[in-house]
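Letter by letter, the chains look like this.
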Amino acid sequence: MPDHDYVDPYLASLYDTMNPRESSGDFAFYLPMIMAAESVLDVGCGTGSLLHWARESGHAGRLVGLDPAEGMLIQARRRDDVEWVHGDLSTATWESEFDFAVMTGHAFQALLTDDELRTAFSAIHRALKPGGRFGFDTRNPAARGWERWTPAHVWEAGEVRSWNDAGPFENGYVSFTTTYESPQWDAPQYSESTLRFLDIPSLAGFIEDAGLVVDEQYGYWDRTPVTGDSPEIVTIVRRPLTGSPATSP
């Protein structure tokens, strides 16, 4: 199930203000790859901001956004020149249709089980044309970024304030609560989340099992290598030109 703050239409409407395009380097990193591809699938597209930006930048081909949270898709549908699909990779049926697929904003970490990861990579393999590529990002567990998810770090959108409060790292998972408060509300609103953190060897196993090949891998959006303290594991994989399609588990 999507988190409450992605499902609720009002909280979803705050997302782009609290997380502007320029706040992280991921959109700027992926946009040239999107612009170079005739057909693009954005998995976990959220408010659609990245595909909106692609259209604003002159992309004239096929753009498809996929997301399980209806509140986010309400925001995405502000543009009607993109295909918006309510669902996730477990329901995807595309066959060799996309030159490039992307999963931004650490949405990859919401795939919590081995089966979910296998299903997702298999669906991506099928959806890509032979030679097509998939870019995604996951936080490097060695950097222990969750230790900074505390009430001391606050986001604001108008009169709404928001912060995270993370629990411990346990067996590759971190659960946290996001609090939203406003002087206009009678009480705060809360959203509960859990994310999975994979290291490079574990990630490589899922990629290989899906019949995909790593093309590029970086520790940050400036394309520096992954090191022990890199905040990110940014990965670009490719569906080979030959070989049998991956099948669902």
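Residues numbered from 1 in each chain as written. Predicted model: local features only at pLDDT ≥ 70, side-chain atom pairs only at ≥ 80, totals over all residues. Heavy atoms only, no water.

**Here's the deal with the sheet that holds strand 3 (residues 83–86)**
The cut-off we apply is this: Strand pairing is assigned whenever DSSP detects at least two bridges linking the two strands. By definition, any uninterrupted DSSP run of H or I lasting at least four residues is a helix, any uninterrupted run of E lasting at least two residues is a strand, and each is numbered from the N terminus. As a rule, the C-alpha atoms of each element are fitted with a line to give its axis, helices using only the stretch in contact, and angles between N-to-C directions run from 0 to 180 degrees.
Taken together, the seven strands give an open sheet; going across it, the order is 3-2-1-4-5-11-10, and neighbouring strands pair in mixed fashion. The sheet terminates laterally at strand 3 and strand 10 (213–218), the two strands that pair on one side only. Across the sheet, the axes of successive neighbouring strands diverge by a mean angle of 15°, strand direction being ignored. Examined bridge by bridge, strand 10 and strand 11 (residues 232–238) share five bridges and lie antiparallel to one another. Its bridge partner being in strand 11, Tyr-218 is matched across the sheet by Val-234.

**Some words on the pattern of salt bridges**
Threshold: Here, a salt bridge means any side-chain nitrogen of Lys or Arg that lies within 4 Å of a carboxyl oxygen of Asp or Glu. When a residue's accessible area, from a 1.4 Å probe over protein chains only, is under 20% of the maximum for its type it is buried; when over 50% it is exposed; and in between it is partly exposed.
Scanning the entire structure with this criterion turns up 18 salt bridges. Between Glu-70 and Arg-77 there is a salt bridge, with the nearest N and O atoms lying 2.5 Å from each other. Since its relative accessible area comes to 38%, Arg-77 is described here as partly exposed. Here the residues in one salt-bridge network are Arg-133, Asp-215, Glu-216, Arg-223 and Arg-238, joined through shared partners.

**Points about the nonpolar core**
The line we're drawing: Residues belong to one nonpolar core when they are buried, are Ala, Val, Leu, Ile, Met, Phe, Trp, Tyr or Cys, and are joined through side-chain atoms within 4.5 Å. Should any heavy atoms of two residues lie within 4.5 Å, those residues are counted as being in contact.
With 29 residues, the main nonpolar core has Leu-41, Phe-108, Phe-121, Phe-134 and Phe-136 as its most contacted residues. For this core, the secondary structure elements donating two or more residues are strand 1 (39–43), strand 2 (62–67), strand 4 (98–103), helix 7 (114–127), strand 5 (128–139), helix 8 (200–209) and strand 11. Of the residues forming this core, the biggest block, six residues, is contributed by helix 7. Excluding residues within four positions of it along the chain, Phe-121 makes contact with Phe-108, Phe-134, Phe-136, Leu-203, Phe-206, Ile-207, Ala-210 and Leu-212.

**Digging into helix 7**
Filter applied, for reference: A helix is expected to span 1.5 Å for every residue after the first.
Between its first and last C-alpha atoms helix 7 spans 20 Å; for 14 residues at 1.5 Å apiece the expected length is 20 Å, and the two agree. For helix 7, the full list of buried residues reads Leu-117, Ala-120, Phe-121, Ser-122, Ala-123, Ile-124, His-125, Arg-126 and Ala-127. Against the buried residues of helix 7 lie strand 1, strand 4, strand 5, strand 9 (189–196) and helix 8.

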